[in-house]
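So you can see what is in the structure, the chains are spelled out below.
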Amino acid sequence: QVQLVESGGGLVQPGGSLRLSCAASGSIFAIYTMGWYRQAPGKQRELVATIRTLGSTNYADSVRGRFTISTDNAKNTVYLQMNSLKPEDTAVYYCNTYARPEPTRPGGDYWGQGTQVTVSS
């Protein structure tokens, strides 16, 4: 089984920055993508950014140019650098990976427990 543990959330003023981290551990044969999603109160979970093992990235239009996703493949860790934060970025941020835990098992989606990001003055 793959476990994901996020860290780095908190309260920040508008225009500020935060860096989220997410480390994958457990039984990991291969990781194909890692990413971040968020869910604001009363809204559906939405994609923020994803990154593939070879480095290609995808961003939501609402965060492109302000957020940067990156990985440390040796540590199975994904980061989300968030700059120029806005109140509308307030949400619970969830780490996700599509990974294969063992060579004999199919790949699947795994989720972290979420970390709260609040942007407010």
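Nothing here was measured: the structure is a model prediction, and the numbers come from that model. (Residues numbered from 1 in each chain as written. Predicted model: local features only at pLDDT ≥ 70, side-chain atom pairs only at ≥ 80, totals over all residues. Heavy atoms only, no water.)

Engineer: Let's hear about the pattern of salt bridges: which residues, and what values?
Structural biologist: Applying the stated criterion across every chain yields a total of four salt bridges. Glu46 serves as the salt-bridge partner of Arg38, at 2.7 Å between the closest nitrogen and oxygen. Take Arg38: its relative accessible area is 6%, and that puts it in the buried class. For Glu46, a relative accessible area of 36% gives the class partly exposed. Here Arg64 and Asp61 are joined by a salt bridge, their closest N and O atoms 2.6 Å apart. What emerges from the salt-bridge pattern is a single network uniting Arg38, Glu46, Arg66 and Asp89. (Salt bridge = Lys/Arg side-chain N within 4 Å of Asp/Glu carboxyl O. Buried < 20%, exposed > 50% of the residue type's maximum accessible area, 1.4 Å probe, protein only.)

Engineer: Talk me through the state of the cysteines; I want residue IDs and the actual numbers.
Structural biologist: Throughout the structure, instances matching the rule amount to one disulfide. Cys22 shares a disulfide with Cys95; S-S distance 2.0 Å. Here Cys22 and Cys95 share a disulfide; its torsion about the S-S bond, -85°, makes the bridge left-handed. Of this pair, Cys22 sits in strand β3 (residues 18–26) while Cys95 sits in strand β9 (residues 91–100); the two residues are 73 residues apart in sequence, bridging distant segments of the chain. (Disulfide = S-S within 2.5 Å. Helix = DSSP H or I, 4+ residues; strand = E, 2+ residues; numbered from the N terminus.)

Engineer: Break down the side chain of Thr77 for me, with residues and values.
Structural biologist: Position of Thr77 among the secondary structure elements: in strand β8 (residues 77–82). Within the structure, the side chain of Thr77 is placed 3.0 Å from the backbone oxygen of Lys75, a separation counted as a polar contact. Setting aside residues no more than four positions away along its own chain, Thr77 makes contact with Cys22, Ala23, Met34, Ser70, Thr71 and Asp72. (Polar contact = N/O pair within 3.5 Å; in protein donor to acceptor, adjacent residues only side chain to side chain. Contact = heavy atoms within 4.5 Å.)

Engineer: Tell me about the packing of aromatic side chains, residues and numbers included.
Structural biologist: Tallying each qualifying case throughout the model produces two aromatic pairs. Considering the side-chain rings of Tyr37 and Trp111, the 5.1 Å spacing of their centres and the 65° angle between planes classify their relative orientation as edge-to-face. Taken as a pair, Tyr37 in strand β4 (residues 30–39) and Trp111 in strand β10 (residues 108–111) lie far apart in primary sequence, 74 residues in all. Cation over ring: Arg19 sits above Tyr79, and NZ or CZ is 4.1 Å from the ring centre. Sitting above the plane of the Tyr94 ring, Arg45 keeps its charged end 3.7 Å from the centroid. (Phe/Tyr/Trp six-rings, centres within 6.5 Å; stacked < 30°, edge-to-face > 60°. Lys NZ or Arg CZ within 6 Å of the ring centre and 35° of its normal.)

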